Structures are given as C-alpha cells and as structure tokens.
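# Reading the structure
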Amino acid sequence: MRRSVILAAVAAISLSLPGCMGGMGGPSAPMAPADYAPALADPGRSADDRARDAARRTAETLAFAQVRPGQKIADMIIGGGYFTRVFSAAVGPRGHVTAWQPAEFIAFQASYGDSLTAVDALANVDGLRSPLASPEFPAGLDLVFTAQNYHDLHLSIAPPGTALRVNSAVFRALRPGGLYVVIDHHAVAGSPLTSATSVHRIDIDAVKREVLAAGFLLDGESNLLANAADPLTASVFDGSIRGRTSQFMLRFRKPG
C-alpha cells in the first residue's frame, strides 16, 4: 500500500528540518542525529526495523551520509530493505530512492525479490533489478549508499572487474559533489579479496584503493560501528559475532 498520506505529513515535517534544501543544489547546514527522529519514527517502518536502530546507530549513520529531505538516493544492494525504508522516510515526498537488488541475488533466494517488491510499493521508491556487474542507476543522484554489501562485489559469483564497473557506474550516476558512502565488515588488514566469499568481510584499505581509483575523493571516515572485541576472522554469519561485527564507515565525494 502506498503511503501518500504519511509522506505528505513527512513533507510538512521536512520543511522544519535543517538542510531542507538538500538535493536541490543549495547550501545547507549539516543535520544532527536528533534531526532524524521523525524519519526513524515513521509509521511505515516496522517494529523490527525500529528495534535494530540502536545497534545500527541509524540516526548517526544518516548524519554521516548527510541525508536530507528532497534528495535523490540509491540504496545499493538493499538486502532486506532496512535502509531503503528509512531513506524513504528521510527524503520525504520531494525526494526519491532507487533500491537496487542484483538479479543474481534474487535468483539465489526468493526473499531478496520479496524485499525489493515490498520497498518498490513505497510512493517515493523505485526498485531496480539488474545484474551485479551492471547497475542501472539513474543520473543526478545526491547519494549512493551501501551497507554491509560492498564485499559482495568480490564474491566468487561476481564477474571479473565487477567492483571497477560498479564504482564507475556510481561515479557517473552522482551529481558533481555527490556522495558515495560505504559501510562494511572489517577484515584483517591485508586480507585478500577472497575474504569476501570465505567470511563476508573486506579490508578497508582495499575499498579505499578501489573507490579512489574510480575518481572519488575520500571525504570522511568513522569508527562509529567499530568493535574491538571482534577478532575479524570469523564469518559474519557465525553465531559468536553475528550482529556485533566491527564495521568501517567511509564517505567519498565526486569532485565538482
């Protein structure tokens, strides 16, 4: 069911928030985590989503990604759609979210397709199904965001050169000055890219090298989701660490 009434209410709230010109090209003040309270409280978000907000530090993550009402955002490899739903609420009816779920993921597990269908029903969200190495992002995006999924570009099923092709597609899709935010599970420093398949982690320096090579500038990084108790060697699905992995946050900017 589309949430036109809810989104209209969000629009009214958005006008009172700092940075309401975000996504419209004008200067805007940074938003603080507290400013995202209306988006996190959006009734279109499930109780399960809201229960995950504390562990995922969602408000702080939105602030790090500089999300604002009216923006055009692509959620890259949406998984279950957790961030897609909060982006939908945060950008409001004047904004738009493109939710990308790779075709290979949908073919592998039906629930991935179900998650995409669910978010595609939101009034300001369009679902995108395309091969892992060929995302079809629209142009003029303010932000491309991926959480816990950049390493998937190096899975054994990924065609050679997938990361380069995806990063290049992100660069083309972003407006000048647009942001590319990558959050993923820490691997041991110097780990080979095969860690993406074996433990679903990736070395932060490998991500930096790949994204910078696509033409981006490193704009910021955060230890907000770091966990010193994570040995960085277990699979992220291992019961000993699942839901408590150490994660890095990187923000890149397209020059311009």
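Predicted model, so just to flag it, every value in this text is computed and none were measured. (Residues numbered from 1 in each chain as written. Predicted model: local features only at pLDDT ≥ 70, side-chain atom pairs only at ≥ 80, totals over all residues. Heavy atoms only, no water.)

## What to know about the pattern of salt bridges
For the structure on display, the rule yields eight salt bridges. The salt bridge involving Asp49 is made with Arg85; its shortest N-O contact spans 2.6 Å. Residue Asp49 is found in helix H3 (residues 47-56), and its partner Arg85 is found in helix H5 (residues 82-91); the two are separated by 36 residues along the sequence. Like Asp49, the residue Arg85 is buried in the burial classification. Linking Glu221 and Lys208 is a salt bridge whose minimum nitrogen-to-oxygen distance equals 3.2 Å. With a gap of 13 residues between them, Glu221 in strand E6 (residues 217-222) and Lys208 in helix H10 (residues 204-213) connect regions that are remote in the sequence. In this structure Glu221 comes out as partly exposed when scored by relative accessible area, which is 45%. What emerges from the salt-bridge pattern is a single network uniting Asp219, Arg251 and Arg253. (Salt bridge = Lys/Arg side-chain N within 4 Å of Asp/Glu carboxyl O. Helix = DSSP H or I, 4+ residues; strand = E, 2+ residues; numbered from the N terminus. Buried < 20%, exposed > 50% of the residue type's maximum accessible area, 1.4 Å probe, protein only.)

## Considerations on the nonpolar core
Counting 33 residues, the largest nonpolar core has Val67, Phe87, Leu143 and Phe145 as the members making the most contacts within it. Looking at this core, the elements that each hand over two or more residues are helix H2 (37-40), helix H4 (58-64), H5, strand E2 (96-102), helix H7 (110-120), strand E4 (141-147) and strand E5 (174-185). If you tally residues by element for this core, the top one is H5, at seven residues. Each residue touching Leu143, except ones within four places of it in the same chain, is listed here: Ala65, Val67, Lys72, Ile73, Ala74, Leu174, Leu179 and Val181. Ranked by size, the runner-up nonpolar core spans 31 residues in total, among them Phe137, Val211, Ala214 and Phe216. (Core = buried A, V, L, I, M, F, W, Y, C linked by side-chain atoms within 4.5 Å. Contact = heavy atoms within 4.5 Å.)

## Remarks on H10
Of the positions making up H10, those classed as buried are Ile204, Ala206, Val207, Lys208, Glu210 and Val211. Directly beyond the C-terminal end of H10, a positive phi value near 110 degrees is found at Gly215.

## With respect to the pairing of E2
Of all seven residues in E2, six are buried, a share of seventy percent or more. Examined bridge by bridge, strand E1 (residues 72-76) and E2 share five bridges and lie parallel to one another. When the sheet's bridge partners are listed, Ala74 is paired in E2 with Thr98. Crossover connection from E1 via H5 to parallel E2: handedness right-handed. Here six bridges tie E2 to strand E3 (residues 125-130), and the two strands are oriented parallel to one another. Pairing of Thr98 across the sheet is with Asp126, part of E3. (Pairing = 2+ DSSP bridges. Right-handed = clockwise from strand over helix to strand, strands pointing away.)

## Notes on the side chain of His154
Secondary-structure assignment places His154 in the loop between E4 and helix H8 (162-173). Contact partners of His154, with chain neighbours within four places excluded, come to Ala163, Leu193, Ala196, Thr197, Ile202 and Glu210.

## A look at the environment of Asp142
Counting through the fold element by element, Asp142 comes out in strand E4. Engagement of the side chain of Asp142 in a polar contact is seen with the backbone nitrogen of Lys72, the distance being 2.8 Å. Only 2.6 Å separates the side chain of Asp142 from the side chain of Arg175, close enough to count as a polar contact. (Polar contact = N/O pair within 3.5 Å; in protein donor to acceptor, adjacent residues only side chain to side chain.)

The values are spatial; any link to function lies outside them.
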